[in-house]
Amino acid sequence: MKNIIKSVKGTRDFYPEEMAKRQWLIEKIRETSQLFGYEAYDGPCLETIELYAAKSGEELVKEQAFVFPDRSGELIALRPELTPTLARMVAAQQNALTFPLRWWSFGPFWRYERPQKGRSREFFQWNIDLIGVEGVEADAELIAVAATFFRNLGLRPDQVQILVNNRKLMEAELNRIGISAELRPAVLRLIDRIDKQPAEVWDENVLRLGLLPDQLSSLKALLANKDLWQQSEELQALFKQLEALGVAEFVSYDPKIIRGLDYYTGTVFEAHDMTGEFRAILGGGHYANLVEDVGGKPLPGVGFAMGDVVIMLLLEALGLIPEQKSASKAVLVTVFDEATQAIAMRTAARLRDEGVQVILYPEADKLSKQLKYADRLGARLALFIGPDEVAENTVVIKDLATHQQESVPMQALVERVKNLLA
RNA sequence: GUGCCUGUAGCUCAAUGGCAGAGCGCCUCACUGUGGAUGAGGAGGUUGAGGGUUCGAAACCCUUCAGGCACCCCA
């Protein structure tokens, strides 16, 4: 163990067991995305640092991106998020694309952060965006995508909720309290983390920004008001549409949802597990303007991103990840001895020609060992072709789950195996 | 990047300054044509790494690496 070279901090190895789970998750993401008519796309994992300089705030690039010079000296970043790439791609083809645009993507991202549970330096992220729609209908659709995804995974509304708020509403309400436009961004940032700080500390921080004590109490009343959404026409319309889309049970209003990214201008939302044990599962919102910073004409849209880590921790905790055995449809062909090895190989080849997944034991060995191997891999059937079978021109098929076995004529093998696997 | 906690066999953990152990898992055999059970054997550790204190360190001290918790930030 001592001489094994260590992996890079914050990265994960995906052994077959974990890889199978990752593939399962991707499949669920693909199903849901396609169900709503979204098309898959991807960009490069490497981008020039200028792409991020304009967008996504300095913090993300300066402090959280992996940045390095290439051999010519140009600064390259491992992508910490996809939105700037999306903006660039859309801007480059802006006059050729058909809007509204429905695109989704799943791929690796990197952020140079301190790893913790639910947060690694290399992670996978589902990004999905609807671009070219101004109205709140687009917001409703994306929230419906998220809710449908949860439903498809077997998650219930009492286990996970999508919490929604609206930036315009919050701006208006802060204005009403008398908080100046210059102070609002800082106040919003504090609202975003109200649940993370002790109440007294939070109060202190708010007052330190320059708010008056009665503004503080107004603010706290605001954040406790679960009916605040009724002050927003957009949110009223949104909830009505979510009802019509059949996903309202997964959504609730929360005035504390702000989102860190500056480019959100309307609806913002975050999905959380109801025990509060994990970090946010996904987050997104409405942006007025996706491509302006990279040189395109203004385009509104809405999108969200979901990392692979938290959702899998949650699903694992709830026991919602089905057992993934890659060999669950496989037939293991045993090799009795050297004399029968060739016929075992021929039989394996015949089955493979018919599209049956066949694992051929690589050498003659004790049958107990071969069966144990089949068992470990989770194979469905095992075949025995020993001297007796060769003499009779038969094969013994054993169902490893039921322990039942039968002898069939060699000619009937393929059909019988297919029946048993069906 | 800051503070705190934790690193002992593949996994979960004992051993609190005196010979590094258990359970599970793994391998072999009982089982010369049959897997999950049972029994008997066996392999596997420079106690994360490096240094220091000590007659003696898994344990105490320093450094470092990794993970976890909080901050920061966010998926």
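Everything that follows concerns the structure shown earlier in this document.
Residues numbered from 1 in each chain as written. Chains lettered and ligands numbered in written order. Predicted model: local features only at pLDDT ≥ 70, side-chain atom pairs only at ≥ 80, totals over all residues. Heavy atoms only, no water.

1. Let's talk about a negative patch on the surface
A surface patch of negative charge is lined by Asp13, Glu17, Glu18 and Glu323. For aspartate 13, the position within the fold is in the segment before α1 (16–35). (Patch = residues over 30% accessible without salt bridge, like charges linked within 9 Å, V, L, I, M, F, W, Y side chains within 5 Å. Areas by Shrake-Rupley, 256 points an atom, 1.4 Å probe, with all protein chains shown as cover. Salt bridge = Lys/Arg side-chain N within 4 Å of Asp/Glu carboxyl O. Lys, Arg positive; Asp, Glu negative; His and termini not counted. Charge placed at Lys NZ, Arg CZ, Asp CG, Glu CD. Helix = DSSP H or I, 4+ residues; strand = E, 2+ residues; numbered from the N terminus.)

2. A few points about the protein's contact with RNA strand B
Around RNA strand B, the surrounding shell holds 46 residues, and the nearest of these are Gln64, Arg189, Arg259, Arg376 and Leu400. Protein-proximal atoms of RNA strand B, defined as those within 4 Å of the protein, fall in sugar or phosphate at a share of 51%. Separating a sugar or linking oxygen of RNA strand B from a backbone N or O atom of alanine 280 is a distance of 3.5 Å. One of the backbone nitrogen or oxygen atoms of isoleucine 281 is found 3.4 Å away from a sugar or linking oxygen of RNA strand B. Looking at the surface near RNA strand B, the elements that each hand over two or more residues are β6 (122–131), β10 (282–287), β11 (301–307), α13 (367–377) and α14 (387–392). Broken down by element, the residue count for the surface near RNA strand B peaks at seven residues, all from α13. Its residues assigned to classes, the surface near RNA strand B shows 14 nonpolar, 12 polar and 20 charged. (Near = heavy atom within 4 Å. Polar contact = N/O pair within 3.5 Å; in protein donor to acceptor, adjacent residues only side chain to side chain. Nonpolar A, V, L, I, M, F, W, Y, C, P; charged D, E, K, R; others polar.)

3. What to know about the pattern of salt bridges
One pass over the full model with this rule turns up 19 salt bridges. A salt bridge links glutamate 204 to arginine 208; the shortest N-O distance between them is 3.3 Å. Here arginine 208 and glutamate 204 lie together in helix α8 (residues 199–208), a separation of four residues that amounts to about one turn. A residue is classified by how much of its surface remains accessible, and arginine 208, at 61% relative accessible area, is exposed. One salt bridge in this structure joins glutamate 270 and arginine 259, with 2.9 Å as the shortest N-O distance. Taken together, the residues glutamate 270 in strand β9 (residues 264–273) and arginine 259 in the loop between β8 (251–253) and β9 connect sequence positions 11 residues apart. Each member of the pair, glutamate 270 as well as arginine 259, is classed as buried. (Buried < 20%, exposed > 50% of the residue type's maximum accessible area, 1.4 Å probe, protein only.)

4. Some points on the packing of aromatic side chains
In this description, an aromatic ring pair is defined by two values, namely the gap between the centres and the angle between the planes. Tallied over the entire structure, the rule returns 14 aromatic pairs. Each member of the aromatic cluster is reached from another via a ring pair, and the members are Trp126, Phe149, Phe150, Phe250, Phe269 and Phe304. We note arginine 79 situated over the ring of phenylalanine 109; from NZ or CZ to the ring centre the distance is 4.3 Å. Looking at arginine 121, its charged tip hangs above the ring of tyrosine 112, at a distance of 3.9 Å from the centre. (Phe/Tyr/Trp six-rings, centres within 6.5 Å; stacked < 30°, edge-to-face > 60°. Lys NZ or Arg CZ within 6 Å of the ring centre and 35° of its normal.)

5. Considering α1
Taking 1.5 Å of rise per residue, 20 residues should cover 28 Å, and α1 covers 28 Å from first to last C-alpha, within 8% of that figure. When α1 is considered as a whole, its buried residues turn out to be Ala20, Lys21, Arg22, Trp24, Leu25, Ile26, Lys28, Ile29, Thr32 and Ser33. Where α1 is buried, its residues touch β5 (101–110), β6, α5 (136–153), β11 and α11 (308–317). Following α1 by one or two positions, glycine 37 adopts a phi angle in the positive range, close to 80°. (Expected span 1.5 Å × (residues − 1). Contact = heavy atoms within 4.5 Å.)

6. Considerations on the sheet that holds β10
Judged by pairing direction, the sheet is mixed, and its eight strands sit side by side in the order β1-β5-β6-β11-β10-β9-β7-β8 without closing on themselves. Of all the strands in the sheet, just β1 (39–40) and β8 have a single pairing partner and so form its edges. Where β9 lies against β10, five bridges are found, and the strand directions are antiparallel. The residue of β10 that forms the bridge with glutamate 270 is glycine 283. Sitting on the sheet, helix α10 (residues 233–244) is in contact with β7 (160–166), β8 and β9, with an inclination near 150° to β7. (Pairing = 2+ DSSP bridges. Axes fitted to C-alpha atoms, helices over the stretch in contact; angles between N-to-C directions.)

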